Amino acid sequence: MNGTFGGLIRTLDGSAVQALAVRLLSEVPGFPPMIQTVHLLGITAIMGSVVLIDLKVLGLAIPSQSTPDVIRRLMPWTWCALPFLAASGLVFVFARPNRYFVNPVFGTKLAMLVPALILAATLQVMSAKNPGLWKEPGAARVSARAIAAVSLLLWIGIVLAGRWIAYADYLFTMG
Ligand code: HEM
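Small disclaimer: the values here were computed from a predicted structure and weren't measured. One numbering rule holds for all chains: residues counted from 1, following each sequence as written. Residue-level local features of this predicted model are given only where pLDDT is at least 70; pairs of side-chain atoms are given and counted only at 80 or more, and the full residue set underlies all totals for whole chains, interfaces and linings. To obtain the side-chain values, all non-hydrogen atoms of the structure were used and water was disregarded.

Draft legend 1. Up close: the layout of surface pockets. Within this model, the largest pocket holds a volume of roughly 880 Å³. The wall of the largest pocket is formed by 28 residues, among which His39, Gly89, Lys109, Gly162 and Ile165 lie closest to the centre. Comment: elements are numbered from the N terminus, with helices defined as DSSP H or I runs of at least four residues and strands as E runs of at least two. Those elements that place two or more of their residues in the lining of the largest pocket are helix 3 (31-57), helix 4 (67-95), helix 5 (97-100), helix 6 (104-129) and helix 7 (139-164). Tallying contributions element by element places helix 4 first for the lining of the largest pocket, with 8 residues. Classifying every residue of the lining of the largest pocket gives 20 nonpolar, 5 polar and 3 charged. Of the two site types, the cavity is a set of points on a 1 Å grid over the protein atoms alone where a 1.4 Å probe fits but cannot get out, and the pocket is an open set with protein on both sides within 12 Å along at least five of seven lines, each lined by residues with an atom within 4 Å of a point. Grid points are joined across faces, edges and corners, and a volume is the space filled by probe spheres set on the points. Gly counts as polar in this scheme, as do all residues outside two lists: the nonpolar Ala, Val, Leu, Ile, Met, Phe, Trp, Tyr, Cys and Pro, and the charged Asp, Glu, Lys and Arg.

Draft legend 2. The arrangement of a nonpolar patch on the surface in detail. Here a patch means residues that are over 30% exposed by relative accessible area and free of salt bridges, tied together within 9 Å if like-charged and within 5 Å if nonpolar (Val, Leu, Ile, Met, Phe, Trp, Tyr). In these tables, accessible area is a Shrake-Rupley quantity obtained with a 1.4 Å probe, and a residue counts as shielded only by the protein chains included in the view. Any Lys or Arg side-chain nitrogen located within 4 Å of an Asp or Glu carboxyl oxygen qualifies as a salt bridge. On the surface, Ile156, Leu160, Trp164, Tyr167, Tyr170 and Leu171 cluster together into a nonpolar patch covering about 670 Å² of accessible area. At the level of elements, helix 7 and helix 8 (168-171) are the ones that each hand at least two residues to the nonpolar patch. Of note, Leu160 is situated in helix 7.

Draft legend 3. Structural detail: the coordination of the iron atom of the ligand. Shown as donors are all N, O and S atoms within 2.8 Å of a metal ion, widened to 3.2 Å for Na, K and Ca; because water is not in the atom set, sites may appear incomplete. Coordination of the iron atom of the ligand by the protein comes from His39 (NE2) and Lys109 (NZ), over a distance range of 1.7 to 2.1 Å. Around the iron atom of the ligand sit 6 donor atoms; with metal-centred angles ranging over 84 to 179°, the donor geometry is octahedral. Taken together, the positions of His39 in helix 3 and Lys109 in helix 6 put the pair 70 residues apart, joining distant regions of the chain. Residue exposure (1.4 Å probe, protein chains only): buried if accessible area is under 20% of the type maximum, exposed if over 50%, otherwise partly exposed. A residue is classified by how much of its surface remains accessible, and Lys109, at 14% relative accessible area, is buried. By the criteria applied here, four donors are tetrahedral when all angles lie between 85 and 135 degrees, four are square planar and six octahedral when opposite donors are over 155 degrees apart and every other angle lies between 65 and 115, and any other arrangement is irregular.

Draft legend 4. Structural detail: helix 7. By definition here, a helix of n residues has an expected span of 1.5 Å times n minus one. Its 26 residues give helix 7 an end-to-end C-alpha distance of 37 Å, which sits within 8% of 38 Å, the value for a rise of 1.5 Å per residue. Regarding helix 7, the residues found buried are Arg141, Ala144, Ile147, Ala148, Ser151, Leu152, Leu154, Trp155, Gly157, Ile158 and Ala161. Contacts are assigned to residue pairs with any non-hydrogen atoms lying within 4.5 Å of each other. Taken together, the buried residues of helix 7 touch helix 3 and helix 6.

Draft legend 5. Representation of the pattern of salt bridges. One pass over the full model with this rule turns up 2 salt bridges. Put simply, Arg23 and Glu27 hold a salt bridge, and the shortest N to O gap is 3.2 Å. Taken together, the residues span about one helical turn, with Arg23 and Glu27 both in helix 2 (residues 16-27) at a distance of 4 residues. We note that Arg23, like Glu27, is exposed. Among the ionic pairs, Asp69 bridges to Arg72, the shortest N-O distance being 2.8 Å. Here Arg72 and Asp69 lie together in helix 4, a separation of 3 residues that amounts to about one turn.

Rendered as structure tokens:
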């Protein structure tokens with residue numbers, strides 16, 4: 001396999017990182033379900049923060065609180081959940097790089113994750129810089145709502161892709 005992923009597979013295959021990930025997954029009792037639970041808790045934190053913020057910005061949730069307050073209170077959960085999601089996901093990737101880096105669904109998931117995080121940061125900065133924008137009809141609020149709509153679709157896509165990683169064989173012939 002050529003390209004970036006090919007290089008990553010060759011680097012990880014047989015490496016100390018892979019050996020450690022394989023040992024953790026195969027020798028520590030209960031490690032796989034524990035690490036998957038960490039991933040699921042991370043997903044829950046994402047759903048309960050940035051996705052709820054997107055729904056708030058679109059006027060579909062939490063009518064009782066102001067948008068700047070919701071963003072200020074909830075966004076830190078997204079940033080705190082990310083290292084747990086990355087660590088819990090990467091254990092499986094390091095253990096079997098040639099399973100994940102050839103998996104188009106995994107690639108699609110990561111490709112959606114980057115813009116989703118950029119849009120989350122953009123909404124946070126927009127709100128911090130101009131908390132009044134949510135009350136003023138105009139271009140800023142329209143673009144913030146467009147960002148929230150795209151962000152919502154991306155996070156839904158990431159979750160669907162996360163679940164479908166294991167079923168990519170049904171979608172594509174890989175190898
Ligand atoms: C930050 C980097 C991330 C990495 C490296 C990663 C990696 C992985 C891996 C390797 C799996 C297991 C796939 C399998 O073999 O079945 C997985 C599952 C999953 N991931 Fe992620 N992931 C990350 C972030 C996320 C995020 C941000 C979300 C959603 C908010 C997410 C949602 C899911 C879901 C829904 C599953 C299926 C869980 C299950 O059914 O047990 N992941 N992820």
